[in-house]
Amino acid sequence: MTMRILLGVLAALLLVCGRVAALEIELPQDTTTYRPSDLPGFPLALQDCLTCHSSQYVQTQPPLSSRVYWDATVHKMKNAFGAPVEEADTPALVDYLTKTYGAEAPPELSHATK
Ligand code: HEC
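The rules behind each value
- Residues numbered from 1 in each chain as written.
- Predicted model: local features only at pLDDT ≥ 70, side-chain atom pairs only at ≥ 80, totals over all residues.
- Near = placed C-beta within 6 Å.
- Helix = DSSP H or I, 4+ residues; strand = E, 2+ residues; numbered from the N terminus.
- Nonpolar A, V, L, I, M, F, W, Y, C, P; charged D, E, K, R; others polar.
- Buried ≥ 20, exposed ≤ 12 C-beta atoms within 10 Å, placed from the backbone.
- Arc of directions from axis to C-beta.
- Contact = placed C-beta atoms within 7 Å.
- Core = buried A, V, L, I, M, F, W, Y, C linked by C-beta atoms within 7 Å.
- Expected span 1.5 Å × (residues − 1).

Caption draft 1: Examining the site of the ligand more closely. Surrounding the ligand, one finds 18 residues, the nearest of these being Cys49, Cys52, Tyr57, Met77 and Ala83. Looking at the shell around the ligand, the elements with two or more residues in it are α3 (56-59), α4 (67-79) and α5 (90-101). Residue contributions to the shell around the ligand peak at four residues, all from α4. Residues of the shell around the ligand, tallied by class, amount to eleven nonpolar, five polar and two charged.

Pasting the structure below:
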């Protein structure tokens, strides 16, 4: 009798384990790096903007952030936090950020609708 109960428990356990093993695990999209682009600011962002934090901060800014906002942000990173950004590179960086994450991003890139 006890053997039967034990077998029953075992069978139930196997069933549960089988279920668990069959679960599909979907990982969240990797959001740590910058969106590829042909704009010259893209390699600059990879070079200058990943030393201290991932692109998460950039992706979570309000989607309609203006060029002026990105210009201020790049200069804040440079002047207040010491990001290794050459002054001559800032217009290209700002252009990339505005067109990829900000007010000038095409609808398919904008996270405004998501
Ligand atoms: C030297 C380190 C460093 C580098 C390099 C750096 N950041 Fe930051 N960044 C920070 C810190 C520190 C914060 C967090 C500030 C806070 O918590 O208020 C931050 C926050 C941010 C934020 C959030 C909004 C804000 O104003 O705090 C954005 C957007 C951002 N960084 C973009 C960038 C971009 C774009 C670059 C490349 C030009 C860059 N960061 C490079 C240190 C850095």
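Caption draft 2: Seen up close, helix α2 (residues 41-48). Taken together, the buried positions of α2 are occupied by Gly41, Leu44 and Ala45. Down the axis of α2, the sector holding all buried residues measures 100°, keeping them to one side.

Caption draft 3: Spotlight on the environment of Leu93. Within the secondary structure layout, Leu93 lies in helix α5. Put simply, Leu93 and Gly41 are 52 residues apart on the chain and 4.3 Å apart in space, counted from C-alpha to C-alpha. Apart from residues lying up to four places away in sequence, Leu93 is in contact with Gly41, Leu44, Ala45, Asp48, Val74 and Val85.

Caption draft 4: How the structure looks around the nonpolar core. In this structure, Ala45, Trp70, Val74, Leu93, Val94, Tyr96 and Leu97 are the most contacted members of the largest nonpolar core, which totals 13 residues. At the level of elements, α2, α4 and α5 are the ones that each hand at least two residues to this core. For this core, the element with the highest residue contribution is α5, accounting for five residues. Setting aside its immediate chain neighbours within four residues, Val74 contacts Val85, Thr90, Leu93 and Val94.

Caption draft 5: How the structure looks around α4. With 13 residues, α4 extends 18 Å from end C-alpha to end C-alpha; this agrees with the ideal 18 Å at 1.5 Å per step. Within the span of α4, buried status applies to Trp70, Val74 and Met77. Taken around the axis of α4, the buried residues stretch over an arc of 60°, which confines them to a single face. Looking at α4, the residues exposed on the side facing more than 90 degrees away from the buried face are Val68, Lys76 and Asn79. Those residues of α4 that are buried are in contact with α5.

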